[in-house]
Amino acid sequence: MKTITVTSPLLPDLDTLHEVMQDIWAKKWVTNLGEYHEKLEKELAEYLGVPYLSLFTNGTIPLITALQALEIRDGEVITTPYSFVATTHALWWNGLTPVFVDIDPITGNIDPSKIEAAITPRTKAIMPVHVYGTPCDVERIQEIADAHSLKVIYDAAHAFGVSVDGNSILQAGDISTLSFHATKVYNTLEGGAIVCHSAEMKKKIDYLRNFGFEDETTVVGPGINGKMDEVRSAYGLLNLRQVDAAIARRREVALKYRKALADVPGIRFLDDLEGVRHNYAYFPIFIDEKAYGRSRDVLYFDMKSKGVLGRRYFYPLISSFGPYSSLPSATKENLPAANAIADSVICLPIHHALSDEDVARVLECIL
Ligand code: T4K
């Protein structure tokens, strides 16, 4: 029986890709901010409804670079333990101390009501994540940041194309970062971006992305190599043409899951929020063992044995991983909601190529 994976990469038509590759091969300009790179940067900014976007080679370097661009080089940064580990690693790579704050037990996003208690004289910034693409409470977070003169960097790796009342969620905070990894709603194989709010900041980010070079002989800062190449930029341009259709299919799958699971005791899922354009990047369900009759892990491994590969995103919590587990904010007592969600979640398979039969097979495991 065919294996059903949690996601599957959205791939451009191979013949069309081949034609574009022939053009790149003929021109022999394969990286360092070439024509396809510039075109993708422009088209992505238009598609996402943001004025300033810088392409990157993956979704992790943008997190690291965002902190450099905002000159957050020492102190503490408040963040969520409920994310992919890259979020916290970016702080560590900048010599910053992560301070974990508990999450909202429903959405899984950082709980704004818990942020202020974690602020100390060493706090420099807040780094929330729009987990599963669900928008954080950006207004409340901004109020807190403004009151304490903190920067806000959103890890928006899951939030491609998400908007609230017609405005891109990427406009919140000082900087947002994206991932275009193969497993994401929109992918460039590996890739990512930074979204900022001024031409001046974009210029700074673009220097940092390219070793700090301003011109052939001037280095303005300790930059890194975060450039996306021409091959992936061209691939990304082709994928941009089909991402709306992919999101539409994801939505259909999400609606089927919701309909089938609505009355199952002990299973909770996320609903659409009013005014939000969702991207259906993930379909997490949360299992209440007592009410459902089986534990999360029993269901997870049962699904696996039947070739249905859900994923426990995000278990274990980042705060329980080696480099972070001894931090004072990493205790279970400090993070009850995060621990409860991490122990109950399974992300069901959801992607553009999932058939109705696949959806039925996933549901059969659960029902
Ligand atoms: N911030 C957040 C909040 C993130 O979620 C991530 C990444 C980042 C930052 C960092 O962005 P990047 O630097 O990665 O751009 C995956 C991804 O590798 C990672 O990008 C993602 N988050 C994370 C949530 O998931 P794994 O280890 O679960 O992926 P893997 O290889 O097990 O793939 C999952 C499934 O996808 C496979 O079972 C089948 C399918 N798949 C995967 C790949 C790579 C394919 O069908 N084809 C493929 O080529 O981490």
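Keep in mind that what you see is a predicted model, and the values were worked out from it rather than measured.

(A) Summary view of the overall build of the protein. Scanning the protein from terminus to terminus reveals 12 helices and 17 strands. Considered along the principal axes of its C-alpha atoms, the protein spans approximately 65 × 55 × 40 Å. Residues counted as buried form 57% of the 367 residues belonging to the protein. For the protein, restricting intrachain contacts to residue pairs at least 6 apart in sequence, the fraction spanning at least 24 positions comes to 70%. Surface accessibility of the protein: about 16000 Å² in total, with carbon and sulfur atoms responsible for 54%. If you average the places of the 36 positive and of the 47 negative side-chain charges in the protein, the two averages end up 4 Å apart.

(B) Structural detail: the pairing of strand 15 (residues 283–287). The buried fraction of strand 15 amounts to five of the five residues, a majority that puts the element mostly inside the structure. Side chains Phe283, Ile285 and Ile287 project from strand 15 onto one buried face, and the interleaved Pro284 and Phe286 project onto a second face that is buried too. Note that strand 13 (residues 267–269) and strand 15 share three bridges and pair antiparallel. Paired with Arg268 across the strands is Phe286, a residue of strand 15. Where strand 15 and strand 17 (residues 345–348) come together, four bridges link them in antiparallel fashion. Residue pairing for strand 17: Pro284 is matched across the bridge by Cys347.

(C) Structural view of helix 7 (residues 230–240). Summarising burial for helix 7: 10 of the 11 residues are buried, a large majority. Regarding helix 7, the residues found buried are Glu230, Arg232, Ser233, Ala234, Tyr235, Gly236, Leu237, Leu238, Asn239 and Leu240. Next to the buried residues of helix 7 lie helix 1 (14–27), helix 2 (35–48), strand 2 (52–56) and helix 8 (243–261).

(D) Structural detail: the site of the ligand. In the vicinity of the ligand, 24 residues are found, and the nearest of them are Thr60, Asp155, His158, Arg311 and Tyr313. In the environment of the ligand, a nitrogen atom lies 2.8 Å from a nitrogen or oxygen atom belonging to the side chain of Lys184. One of the side-chain nitrogen or oxygen atoms of Tyr313 is found 2.5 Å away from an oxygen atom of the ligand. Within the complex, the protein chains bury 73% of what would otherwise be the 920 Å² of accessible surface of the ligand. Judged by its atoms lying within 2 Å of the grid points, the ligand is housed in the largest pocket. Along the lines of polarity and charge, the residues of the shell around the ligand split into nine nonpolar, 12 polar and three charged.

(E) A look at the packing of aromatic side chains. Inspection of every chain in the model, using the stated rule, returns 16 aromatic pairs. Aromatic pair Tyr82 and Phe314: ring centres 5.9 Å apart, planes at 90°, arrangement edge-to-face. Of this pair, Tyr82 sits in the loop between strand 3 (76–79) and helix 4 (86–93) while Phe314 sits in the loop between strand 16 (308–309) and helix 11 (336–342), and the two are 232 residues apart along the sequence. Taking relative accessible area as the criterion, Tyr82 reaches 0% and is therefore assigned buried. For Phe314, a relative accessible area of 6% corresponds to the buried category. Ring centres 6.4 Å apart and planes at 80° place the aromatic pair Phe100 and Tyr324 in the edge-to-face group. In this pair, Phe100 sits in strand 4 (residues 97–100) while Tyr324 sits in the loop between strand 16 and helix 11, placing the two residues 224 residues apart along the sequence. Among the aromatic residues, those joined into a cluster by ring pairs are Tyr82, Tyr132, Tyr282, Tyr313 and Phe314. Stacked on the ring of Tyr315, the Lys or Arg Arg296 has its end atom at 4.5 Å from the ring centre.

(F) Structural view of the sheet that holds strand 4. Ordered in space as 2-10-9-6-5-3-4, the seven strands form an open sheet in which the pairing is mixed. In the strand order of this sheet, the two ends are held by strand 2 and strand 4, each with one partner. The mean angle between the axes of side-by-side strands here comes to 25°, regardless of whether they run parallel or antiparallel. Bridge count between strand 2 and strand 10 (residues 192–196): five bridges; the pairing is antiparallel. Bridge pairing links Ser54 to Ile194 in strand 10. Contacts between helix 3 (residues 61–69) and the sheet are confined to strand 2, strand 5 (123–127), strand 6 (151–155), strand 9 (175–179) and strand 10, with strand 9 contributing the most and set at about 165° to the helix.

(G) Spotlight on the packing of helix 1 against helix 7. Look at helix 1 against helix 7: their axes get within 10 Å of each other, and the N-to-C directions meet at 145°. Note on packing geometry: the crossing formed by helix 1 with helix 7 is right-handed. Contacts between helix 1 and helix 7 pair Thr16, Leu17, Val20, Met21, Ile24 and Trp25 from the former with Glu230, Val231, Ala234, Tyr235 and Leu238 from the latter. Its residues assigned to classes, the contact of helix 1 with helix 7 comprises nine nonpolar, one polar and one charged.

(H) Structural detail: empty space enclosed by the protein. A full pass over the atoms with the stated rule returns one cavity of 30 Å³ or more. Taken as a whole, the largest cavity spans an internal volume of roughly 30 Å³. Taken together, Ala157, His158, Phe160, Lys184, Val185, Tyr186, Asn279 and Ala281 make up the lining of the largest cavity. For the lining of the largest cavity, the class distribution of residues is five nonpolar, two polar and one charged.

The rules behind these values
- Residues numbered from 1 in each chain as written.
- Predicted model: local features only at pLDDT ≥ 70, side-chain atom pairs only at ≥ 80, totals over all residues.
- Heavy atoms only, no water.
- Helix = DSSP H or I, 4+ residues; strand = E, 2+ residues; numbered from the N terminus.
- Buried < 20%, exposed > 50% of the residue type's maximum accessible area, 1.4 Å probe, protein only.
- Contact = heavy atoms within 4.5 Å.
- Areas by Shrake-Rupley, 256 points an atom, 1.4 Å probe, with all protein chains shown as cover.
- Lys, Arg positive; Asp, Glu negative; His and termini not counted.
- Charge placed at Lys NZ, Arg CZ, Asp CG, Glu CD.
- Pairing = 2+ DSSP bridges.
- Near = heavy atom within 4 Å.
- Polar contact = N/O pair within 3.5 Å; in protein donor to acceptor, adjacent residues only side chain to side chain.
- 1 Å grid on protein atoms, 1.4 Å probe; cavity = no way out; pocket = protein on both sides within 12 Å on 5 of 7 lines; lining within 4 Å.
- Sits in = over half its atoms within 2 Å of the grid points.
- Nonpolar A, V, L, I, M, F, W, Y, C, P; charged D, E, K, R; others polar.
- Phe/Tyr/Trp six-rings, centres within 6.5 Å; stacked < 30°, edge-to-face > 60°.
- Lys NZ or Arg CZ within 6 Å of the ring centre and 35° of its normal.
- Axes fitted to C-alpha atoms, helices over the stretch in contact; angles between N-to-C directions.
- Left-handed = near helix turned anticlockwise from the far one by under 90°.
- Points joined across faces, edges and corners; volume = space filled by probe spheres on them.

Distances and angles like these do not, on their own, reveal function.
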